[in-house]
Amino acid sequence: LGLEYELMGQTGAAISFYLRTAERTNDDTLQYESLLRMALCFERQRTRDDTQKVLLQKAISLIMDRPEAHFLLARAHERKQEYHEGWSVVNIALRVCRWDHPGLLHLYVHLMEMSPFPQRALRQGDRLRELVPESGHLVHMPTHLDVLCGNYRDVVVYNQKAVEVDRKYLAR
């Protein structure tokens, strides 16, 4: 029902539905999903950033090893240019979740390219390239780190590969 409200553009009703669901259930998975949906509603409205962060922190406390809430929380911090907080969330998520989540790795590359130590994320960048080889953007992303670390050959090679992947996609 909450998703139906969202699709009809009735975000307030959707938030109310998700809140009631989260408060009344004893099912951690349902509560987690309801908290995520509420956080996404607030994100779309671009309002109540602090409320969104609290909802995501609560979701993480319920089910720590699922990557979605970590990803959304890190993205919320990045959007507010709270890079240290975003980096901390992603770092924790990469330890407690499987570290091959493309969204988390993508955010990690973005956060680390702004840090004084981009070389610390080279391994994660390489993993991102392997993880989704049919996404030109994700093949390209680690070159943000490569150029900062002086790996210029990799920058050329992987950007060319990204172009090839995109051309294949467009040819379909």
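Residues numbered from 1 in each chain as written. Predicted model: local features only at pLDDT ≥ 70, side-chain atom pairs only at ≥ 80, totals over all residues. Heavy atoms only, no water.

**What to know about the pattern of salt bridges**
On inspection of all chains with the given rule, the structure shows four salt bridges. The salt bridge partner of Asp126 is Arg129, with a shortest N-O separation of 2.7 Å. Here Arg129 and Asp126 lie together in helix H8 (residues 122–131), a separation of three residues that amounts to about one turn. For Arg129, a relative accessible area of 6% gives the class buried. (Salt bridge = Lys/Arg side-chain N within 4 Å of Asp/Glu carboxyl O. Helix = DSSP H or I, 4+ residues; strand = E, 2+ residues; numbered from the N terminus. Buried < 20%, exposed > 50% of the residue type's maximum accessible area, 1.4 Å probe, protein only.)

**Points about the environment of His110**
Note on placement: His110 falls in helix H7 (residues 102–113). C-alpha of His110 to C-alpha of Gln31: the two residues are 79 residues apart in sequence and 30 Å apart in space. In contact with His110, not counting residues within four places along its chain, are Glu78, Met141 and His144. (Contact = heavy atoms within 4.5 Å.)

**Overview of the packing of aromatic side chains**
Scanning all chains against the criterion turns up one aromatic pair. With centroids separated by 5.9 Å and ring planes inclined at 70°, the aromatic side chains of Phe17 and Tyr18 adopt a geometry described as edge-to-face. Here Phe17 falls in the partly exposed class, since its relative accessible area comes to 22%. Across the ring face of Phe117, the terminal group of Arg120 is positioned such that the distance to the ring centre comes to 3.9 Å. (Phe/Tyr/Trp six-rings, centres within 6.5 Å; stacked < 30°, edge-to-face > 60°. Lys NZ or Arg CZ within 6 Å of the ring centre and 35° of its normal.)

**Remarks on the packing of helix H5 (residues 67–79) against H7**
Running from N to C, H5 and H7 point in directions that differ by 25°, and their axes come no closer than 9 Å. Judged on the interaxial angle alone, H7 and H5 are roughly parallel. In this structure, H5 crosses over H7, and the sense of that crossing is left-handed. Each of Pro67, His70, Phe71, Ala74, Arg75 and Glu78 in H5 lies in contact with H7, whose residues at this interface are Gly103, Leu104, Leu107, His110 and Leu111. By residue class, the composition of the contact of H5 with H7 is six nonpolar, three polar and two charged. (Axes fitted to C-alpha atoms, helices over the stretch in contact; angles between N-to-C directions. Parallel < 35°, antiparallel > 145°, perpendicular 65-115°, else oblique. Left-handed = near helix turned anticlockwise from the far one by under 90°. Nonpolar A, V, L, I, M, F, W, Y, C, P; charged D, E, K, R; others polar.)

**Some remarks on the side chain of Ser115**
If you trace the backbone, Ser115 turns up in the loop between H7 and H8. In this structure the side chain of Ser115 is engaged in a polar contact, spanning 2.8 Å, whose partner is the backbone oxygen of Met112. There is a polar contact of 3.0 Å between the side chain of Ser115 and the backbone nitrogen of Phe117. (Polar contact = N/O pair within 3.5 Å; in protein donor to acceptor, adjacent residues only side chain to side chain.)

**Quick notes on H8**
Buried residues of H8: Gln124, Gly125, Leu128 and Arg129, and no others. The buried residues of H8 occupy one face: seen down the axis, they fall within an arc of 145°. Away from the buried face of H8 by more than 90 degrees, exposed residues Arg123 and Glu130 are located. Residues of H8 that are buried in the fold lie against H7, helix H9 (136–140), helix H10 (143–148) and helix H11 (152–171). (Arc of directions from axis to C-beta.)

**Looking at the nonpolar core**
Core analysis: the largest hydrophobic core is formed by 40 residues, its most contacted members being Leu35, Leu56, Ala69 and Val90. Secondary structure elements with two or more residues in this core: helix H2 (11–24), helix H3 (28–45), helix H4 (49–62), H5, helix H6 (83–96) and H7. When residues in this core are grouped by element, the largest group, eight residues, is from H3. Among residues more than four places away in sequence, those in contact with Val90 are Ala74, Leu104, Leu107, Tyr108 and Leu111. (Core = buried A, V, L, I, M, F, W, Y, C linked by side-chain atoms within 4.5 Å.)

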